[in-house]
Structure formats: C-alpha cells, structure tokens
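Structural features, examined
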Amino acid sequence: MEPSAQNDPAAYFDSYEDLKVHEIMLGDQPRQAAYQKAILENRALFAGKTVLDVGAGTGILSIFCAQAGASKVYAVEASNLARLARAVVEENKFQAVIEVSECKVEDFQLPEGERVDIIVSEWMGFFLLHEGMLDSVVYARDKFLKPNGLMFPDTATLFVAPCSVPSRFDQWENLSGVSMRCFGRALREQNSGNPEVLSVASEHLLHEGHIMAWFDLMEVTSEELNSIEVKDVLVAQRAGKLQGFCIWFDCTFPGDEMEQQQLSTNPAAPPTHWKQIVIPLPEDSCEELEERDPVAFSLSMTRNKETNRRYDLQLTLLDPEKEEHHLPCECHMTKCILMKTHLEKMQVD
C-alpha cells in the first residue's frame, strides 16, 4: 500500500535530520510564545491586512497571522516544507486566507501592483546572522512592503560578554573521581578560537553584556551585514575565571511600547534552541578576574566569502593598559580612578 503524502515524511523533509531540526524548533516554547504574543496581542495591527511570511517553514507564523485577523497571508517557503505548510493550513481551515508558495522569496511574485502591510519572519541564525535569512528578509522588505508597513520583528540587538566556561574547563578536573586534565587540555586546544553552541548559565557571565550591533529592520541594508566589528574595554562586574566570550541576541516586535514583546536568547532568559555562542580562549589566555578588572578585546563577524549566509568570527585579546577606556571608567586601574575622581570634582565645582 502506497503511503499518502500526509503520512510520508519524505514528502515534507529533505532528510530525517531536517525533520528533527524542525521538531526542536517547534518545541522551542520561548520562540513560539514570543511570536504568538507579538501577533495575537496586536490584532489591531493585523486585522484586514495583507501579510508576507518569509521562510514560512511549517506555516505556524502564517496561522498566527490568520488567527489575528489578516485578510491575506502569503507564506513563502523554498523547501519541501511548503507542502507540510499547505497541510497545516488545511488542517486549521485557513485555505481562504493563507496561500503557500514553494519558492525562494527572491523568485516570488505578488499580484501586479500589490504590496503587503506586514512582513513576518523567523530569520535568525546562530549569533543572529550565521546561517540566517536576514538578506532574504531585507530583499522582501525592499520589494514587497508598503512604505508605512511593519516588520515582525522590527529590531535585533547582538550582545557580547566575557564569561567562564566550566563545561569546557572545570569538569575535567575530576570526572567521576578521575583526573582528565590532559583530555580537557586537548579538547580546548582543538576548539580554541572556534565558536561553540552552548547553554551558558547567567552566573557564568562576567559582564551583563555589551551591545555589539543594533539593527533597525526597517532600515538595515545587506551591505551593512557584510562585516560587524567591536573593539572595547569592559569592566568585570563579578569575579570569575575568564575562559571565553559569550554572544547572544534579542529581538523586539512592534506594538505597545509599555509592554513591548521581546524574544531573548540572553543566558538569563528561558532557554531557546539557539542557546548561546561561546568562543573559548586558549588555556594560556585564561585568567582569574576580580570585580572591576578591565577586559580589552576586539571581535569581528565577517561574511564568509564562499557561503554568503555563514559568518566567520575573529576574537583578539588586547592590552587594557594600551586601549582607551570609557569615561568615566569603573575599573581599578590608577588612570581610571584618577580620571573618575577628577570628573566628579568638576561636577561638584
């Protein structure tokens, strides 16, 4: 007996691994809840509007938009998942509202003369841009969005902070009563400088997080995404061992500014499938930090020359004695203490 398309995973997924990836994404409750609340709690923005869902996947965001009262939703998905999205749309009885197109958004066409009121997309990759779809979303915005249209999400912020990484260091000191320092050392040497997807506990951050980049999704261009760089001196806000740098992102959605909906991958937020990205340091670069110790570094994210949707990370530790500090600076270095005292005295005078 031939399996039906609805019961045959091969009709929807390119591989078993692809199926498992989407199972994980659909099980990501903070991700689902952020989009659901952002859309359904802003029904007034969606009622009677035309929506474009870029990279629609299983179609769940399109369903949210239809539930919020959108009059028309164009769900664009380039993979076999478009067929699953059609089945999901039919299962939820929104065939009259949601139209699924199996193509890249770059190949998609709206009816002549038509533009959309809202673009929704879950485009974020690891450390926001890596293996993400922001370029496609920017293309769709420029081609299909009305001048006064809305983007869901509408902003994205990238953060970086020095951190401890005990899962890559300390656990090898005593593994079930056996010292495995030599294995831990080999593992760190192999991974040194290479970003890893890890769940970082908030107490292992040595700083609350420095904004590396902020994007207004209504304005950002693809050219601005080619390279992102930050060079700074951060002041440790808690004592701990500097073993790496942690990267995460937040996104916000249009709506009530007093209760603006946010999707956060901050270590202190509920965990998501994105987790955090950690760049471990070589063992000889790790050091114990006291509160108010300065940490100087530069970090760049550069678009990979061979694969446009991938990014290469380059981290360099710098000498805090030689780098400019923020004014006033809270670190314990003599020059910063003197400058802070001078600035405070000027304010009093």
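All of these numbers come straight from a predicted model, not from anything done at the bench. (Residues numbered from 1 in each chain as written. Predicted model: local features only at pLDDT ≥ 70, side-chain atom pairs only at ≥ 80, totals over all residues. Heavy atoms only, no water.)

With that out of the way, let us pick up the nonpolar core. Core analysis: the biggest nonpolar cluster contains 98 residues, and L52, I98 and L128 have the highest contact counts within it. The biggest single contributor to this core is helix α5 (residues 81-91), with seven residues. Leaving out residues up to four positions away in the same chain, L52 has contacts with Y74, V76, V105, F108, V116, I118, I119, V120, A140 and F144. Among the nonpolar cores identified, the runner-up in size contains five residues, and C329, C331, M333 and C336 belong to it. (Core = buried A, V, L, I, M, F, W, Y, C linked by side-chain atoms within 4.5 Å. Buried < 20%, exposed > 50% of the residue type's maximum accessible area, 1.4 Å probe, protein only. Helix = DSSP H or I, 4+ residues; strand = E, 2+ residues; numbered from the N terminus. Contact = heavy atoms within 4.5 Å.)

Examined at the domain level, the protein chain breaks down into domain 1 (1-122) and domain 2 (154-318). Spacing between the C-alpha centres of domain 1 and domain 2 amounts to 31 Å. Counting each side, the surface lost to burial between domain 1 and domain 2 is near 910 Å², with a carbon and sulfur contribution of 69%. On the domain 1 side of the interface with domain 2, the three residues burying the most area are D28, P30 and A34, jointly 37% of the side's total. Across the contact surface, domain 1 and domain 2 share zero salt bridges. (Domains from an automatic or database assignment. Buried area = accessible area lost by both parts, 1.4 Å probe. Salt bridge = Lys/Arg side-chain N within 4 Å of Asp/Glu carboxyl O.)

Attention shifts here to the side chain of D53. Inspection of the secondary structure assignment puts D53 in strand β1 (residues 50-54). R31 provides the closest opposite charge to the buried, unpaired D53, separated from it by 8.7 Å. Polar side-chain contacts of D53 include one of 2.7 Å to the side chain of S62. If near-sequence neighbours (up to four positions away) are discounted, D53 is found in contact with L61, S62, Y74, A75, V76, V120 and S121. (Lys, Arg positive; Asp, Glu negative; His and termini not counted. Polar contact = N/O pair within 3.5 Å; in protein donor to acceptor, adjacent residues only side chain to side chain.)

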